[in-house]
Amino acid sequence: MVKAKKHLGQHFLHDKNIASKIVHSLSNFNLPTLEIGPGTGVLTQILLPLLGDKLFLIEIDTESVTFLKEQYPQLEGKLVEGDFLRFPLDKLMQGSFQIIGNFPYNISSQIFFKVLEHRDRIPEVVCMIQKEVAERLSSPPGSKSYGILSVLLQTYYRIEYLFTVNEQVFTPPPKVKSAVIRFSRNNRQSIPCDEKLFFSVVKASFGQRRKTLRNSLRSKFVDLQTENEIFNKRPEQLSVEDFIFLTGLVADQQK
Ligand code: SAH
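Residues numbered from 1 in each chain as written. Predicted model: local features only at pLDDT ≥ 70, side-chain atom pairs only at ≥ 80, totals over all residues. Heavy atoms only, no water.

### What about the domain arrangement of the protein?
Put simply, the rule reads: Domain segmentation is taken from an automatic or database assignment of domains. The term buried area denotes the loss of accessible surface (1.4 Å probe radius) that occurs when two parts are joined, taken as the sum for both partners. Basic side-chain nitrogens of Lys or Arg form a salt bridge, by our definition, when they fall within 4 Å of a carboxyl oxygen of Asp or Glu. By the criterion applied in these results, polar contacts are pairs of N or O atoms within 3.5 Å in which, for protein atoms, one can donate a hydrogen and the other can accept it, and in which residues neighboring in sequence qualify only through two side-chain atoms. Under the scheme applied here, ten amino acids are nonpolar (Ala, Val, Leu, Ile, Met, Phe, Trp, Tyr, Cys and Pro), four are charged (Asp, Glu, Lys and Arg), and all others, including Gly, are polar.
Considered domain by domain, the protein is made up of domain 1 (6-185) and domain 2 (195-254). Here domain 1 and domain 2 have C-alpha centroids that lie 32 Å from each other. For the domain 1 face of the interface with domain 2, the top three residues by lost area are Y146, I148 and L152, together amounting to 41%. Inspection of the region where domain 1 meets domain 2 yields one salt bridge. Two residues, R119 and E195, come together in a salt bridge whose shortest N-O distance is 3.1 Å. The interface formed by domain 1 and domain 2 contains six residue pairs in polar contact (both at pLDDT 80 or more). Among the residues forming the side of domain 1 that touches domain 2, the class breakdown is seven nonpolar, six polar and two charged.

Okay, here's the thing in structure tokens:
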């Protein structure tokens, strides 16, 4: 058996019913699918008969890769040993594809930033992550847990909180509860403002959550004119559209 390694965020799911529920949260089995971090293959064994040669996998842990190749010889050529965050995605997947996985919780945010970069090729993601992060990503404007990644991801994806998963169904059990969420690409092709500036306005706005946007943004954009009433608000009050409008105001002043 593969020994769970803490530094790789390895918590192996041992409940087959939950594994099946996660897999069947994908809405389409006709698309090439990338599983991130298959570990000992609890999702893989359910995915394989549904996807056949449309299943691709990337796993960083040599021991898990060896184990999987022994158990599932048909994965030859489909299973890459590597770090998802560093591996050039174009070498891994061609065209449009979806992502599934019980993500290593310590790098879930970085995985999401990579998804965002490649959003036009990734129509759907189903993943298990830390419950608290799942709540943050799926929360609407106005709620306490709404933050930077909620805004950036909700700009391009509809995010659904599907279900909560308890600690006891993992070996070893993690310290936190988990949840499964689904991202579906929305219709927004692009935003009507500079994307880099949009990202930095969102980040700066949440820099000091309790402060008004006027205060937070002035520390990043020196000499910013802040007469507009939107600057009296706090970041969690703003929708994606509000952030786009705000970015427009900042951009106009930088000309
Ligand atoms: N899918 C398995 C394992 C989940 S634990 C299950 O549900 O039981 C997370 C898995 O991600 C581990 O197998 C770990 O080795 C792998 N992993 C960690 N960091 C990774 C990275 N950067 N790239 C690819 N896989 C990674």
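### Notes on the pattern of salt bridges
To keep it simple, the criterion reads: The numbering of helices and of strands both runs from the N terminus, where a helix is a DSSP run of H or I of at least 4 residues and a strand a run of E of at least 2. A simple rule labels every residue: compare its accessible area, found with a 1.4 Å probe on the protein chains alone, to the largest value its type can have, and call it buried under 20%, exposed over 50%, or partly exposed in between.
By the definition in use, this model includes 12 salt bridges. Note that D120 and R185 form a salt bridge whose closest N and O atoms lie 2.8 Å from each other. You can see D120 sitting in the loop between α5 (108-117) and β6 (124-130) and its partner R185 sitting in strand β9 (residues 178-185), a full 65 residues away along the chain. With a relative accessible area of 19%, R185 lands in the buried category. The partner of E241 in a salt bridge is R188, and the shortest N-O contact between them spans 3.2 Å. Of this pair, E241 sits in helix α10 (residues 240-253) while R188 sits in the loop between β9 and α8 (195-205), and the two are 53 residues apart along the sequence. Looking at E241, the relative accessible area reads 48%, which means it is partly exposed. In this structure, a network of salt bridges that share partners links the residues K5, D61 and E63.

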